[in-house]
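# Structural characterization, general
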Amino acid sequence: MDIDTVADELYALRPEDFTAARNTRMAAARTAGDRALAEKIGKLRRPSLAAWVSNLLVRERPEEVQALLRLGEGLRRAHHDLDGGQLRELGGRQKTLIRALSREAGQLAAEAGHPVGEDVGREVEATLHAVLADPEAAGEWAKGRLVRPFEAIVGFPEVSPTAVRRAATPPPPTPRPAKRRDDEALSRARRDADTAVRELRALEDEAAVAGREHETVQERTAQLQQRISELTEELSRVEEDHRQARQEERQAREKLRAVERRVREAGRRADAATARLERHQRS
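Since the model is a prediction, treat every value here as computed from it, not as a measurement.

Assigned secondary structure in the protein chain consists of 10 helices and zero strands. The helix and strand sequence of the protein chain, counted from the amino end, reads α-α-α-α-α-α-α-α-α-α. Each of the 283 residues in the protein chain was classed as buried or not, and the buried ones make up 25%. A total of about 19,600 Å² of accessible surface is found on the protein chain, and carbon and sulfur atoms cover 51% of it.

Written out as structure tokens, the structure is:
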């Protein structure tokens, strides 16, 4: 058993089954003496519903997955090269394929017992746009182990005819002062974006730590509850044994008293018989 095998198994489950299965695999790794594997398994996070739907699409429709990945490569190359012809062609395919995959993902989720609404559908579409725009997002998505959907801002923008015309015809040069102002604004925007991303990642790390702490406490609580149940059952058995012992004690005491009465009666009879014998002997 290795972490990739366990992760593939867990992220194929429905979200509500994830935590219990993960804890079972983690306990099995500990029992087997593989603490490192147990620790890695414990760090696996339960996927959101939209992430689970995206993962389901990856597993169930590998051919469509490869088609989207190839389209993303072509779109990124066309945008880089400002190839108007390619942008027009691939842009149309982009809209058609994303809508088709989004519908397919919804159908797969319904068949798996988890119908999804429009909000989840939009998150799935945002993830697909991100896959087209970002090769790193594409690589993560293709593993089928997303924990959260990608944000829409990360997604690749749909290509409009206006954008294609602008790409095919370079804009006229602008005066240098305006360019300088644009560069400064762009630099500020980039710094702000970098700061926001760092803050987001720090908060995500903090949330992940809090989530692990919560799950650890939750697991400990479940163990203690199980122990309480075991002790309660044991106490019930001991109380029942105690009641039976008390009943046996009463029975033994009554039997002892009955035997003692018989002993006293026998003693009296023996005394009477001895007295009669002595009288006969004297006479």
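Moving on, there is more to tell.
Once that is clear, we can look at the packing of helix H2 (residues 15-31) against helix H3 (residues 35-42). Put simply, H2 and H3 touch, their axes get as near as 7 Å, and they point 165° apart. Looking at the two axes, H2 sits roughly antiparallel to H3. Where H2 crosses over H3, the two elements pack in a sense that is left-handed. Contact residues: Arg 22, Arg 25, Met 26, Ala 29 and Arg 30 in H2; Leu 37, Ala 38, Ile 41 and Gly 42 in H3. For the contact of H2 with H3, the residue count by class is five nonpolar, one polar and three charged.

Time to look at the nonpolar core. In terms of nonpolar packing, the biggest core is built from 26 residues, with Val 53, Leu 57, Leu 68, Leu 128 and Trp 141 touching the most fellow members. Counting only elements with at least two residues in this core, the list comes to helix H4 (49-60), helix H5 (62-81), helix H6 (84-111), helix H7 (118-133) and helix H8 (135-142). Here this core gets seven residues from one element, more than from any other, and that element is H4. Ignoring any residue separated from it by four or fewer positions in sequence, one finds Leu 128 in contact with Leu 57, Leu 68, Ile 98, Leu 101, Ser 102 and Trp 141.

Scoring rules and cut-offs
- Residues numbered from 1 in each chain as written.
- Predicted model: local features only at pLDDT ≥ 70, side-chain atom pairs only at ≥ 80, totals over all residues.
- Heavy atoms only, no water.
- Helix = DSSP H or I, 4+ residues; strand = E, 2+ residues; numbered from the N terminus.
- Buried < 20%, exposed > 50% of the residue type's maximum accessible area, 1.4 Å probe, protein only.
- Areas by Shrake-Rupley, 256 points an atom, 1.4 Å probe, with all protein chains shown as cover.
- Axes fitted to C-alpha atoms, helices over the stretch in contact; angles between N-to-C directions.
- Parallel < 35°, antiparallel > 145°, perpendicular 65-115°, else oblique.
- Left-handed = near helix turned anticlockwise from the far one by under 90°.
- Contact = heavy atoms within 4.5 Å.
- Nonpolar A, V, L, I, M, F, W, Y, C, P; charged D, E, K, R; others polar.
- Core = buried A, V, L, I, M, F, W, Y, C linked by side-chain atoms within 4.5 Å.

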